[in-house]
Amino acid sequence: MIDEATARERVVSTADRLFYAHGVQAVGMDTVRAESGVSLKRIYALFPSKDDLVLAVLRHRTNQWNTGIAGAVADAVTPRDKVLAIFDFLAAWFREDSFRGCAFINVFGELGGGSNRVAEAVRAQKASFQRRVAELVRAAGGPGYLAPQLVLLAEGAQTTAAISQDPDTAAHARAAAETLIRCALGDSENAPAV
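Residues numbered from 1 in each chain as written. Predicted model: local features only at pLDDT ≥ 70, side-chain atom pairs only at ≥ 80, totals over all residues. Heavy atoms only, no water.

Participant: What exactly am I supposed to notice about helix α8 (residues 146-164) here?
Facilitator: Every α-helix carries 3.6 residues per turn, so stepping three or four residues along brings you back to the same face. Spanning 19 residues, α8 covers 26 Å between terminal C-alpha atoms, matching the ideal 27 Å at 1.5 Å per step. Of the positions making up α8, those classed as buried are Leu146, Ala147, Leu150, Val151, Ala154, Glu155, Ala157, Gln158 and Ala161. Seen from one end, α8 has its buried residues packed into an arc of 165°, which puts them on one side. For α8, the exposed residues set more than 90 degrees away from the buried face come down to Leu152 and Ile163. (Helix = DSSP H or I, 4+ residues; strand = E, 2+ residues; numbered from the N terminus. Expected span 1.5 Å × (residues − 1). Buried < 20%, exposed > 50% of the residue type's maximum accessible area, 1.4 Å probe, protein only. Arc of directions from axis to C-beta.)

In structure tokens, the structure reads:
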């Protein structure tokens, strides 16, 4: 018998894959059981309701998102490049075969109106991303109004890329972000690089 941590990880990763590919409402707990190899009794011991499992999947997705953004930002050199690295992260993600848009937006669209806990989890993730972008903009010397504009570009790019199935959406959003940054921070040749 597998230990609790392994069972939890297996169920969450399986549910994440299935929910992301097919939608939460289309995937029954029996499917999660069959795909994960964890008994239904054990799944319900770990996650008393499907909402509990959805929340665990959203926490898992939050960790993946934060790790991906942090990695992209860490690879960038200047503060301005760190802001733009968000769009480079999106460009790589949009090219993955499994890309189906933002899991948080997808889940909110399915369940947000009927589950306050799910809606709050999605809002918390979006607020966290907004704070991270605001930190990057501040580090680049940008004004406060720039961060929400860049977040809208990133969020809109995710939705547009999912619907259009066009991974180049990230490049378009990055170009728009560069224009916003240039307008907000200036871009004269004599200005010091940020």
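Once the structure has been displayed, the description carries forward.
Participant: How should the pattern of salt bridges be read in this particular structure?
Facilitator: For side chains bearing opposite charge, pairing can occur when the charged atoms are close. Tallied over the entire structure, the rule returns 10 salt bridges. Of the charged contacts in the structure, one is a salt bridge between arginine 33 and aspartate 30, with a shortest N-O distance of 3.9 Å. Of this pair, arginine 33 and aspartate 30 both sit in helix α2 (residues 29-36), 3 residues apart, roughly one helical turn. Classification of arginine 33 as partly exposed rests on a relative accessible area of 34%. Residue classification places aspartate 30 among the partly exposed residues on the basis of a relative accessible area of 46%. Here arginine 123 and glutamate 120 are joined by a salt bridge, their closest N and O atoms 3.1 Å apart. Of the two residues, arginine 123 and glutamate 120 both sit in helix α7 (residues 116-139), 3 residues apart, roughly one turn of that helix. Exposure remark for arginine 123: the relative accessible area of 45% places this residue in the partly exposed category. A single network of salt bridges, built from pairs that share partners, joins Asp88, Arg174 and Glu178. (Salt bridge = Lys/Arg side-chain N within 4 Å of Asp/Glu carboxyl O.)

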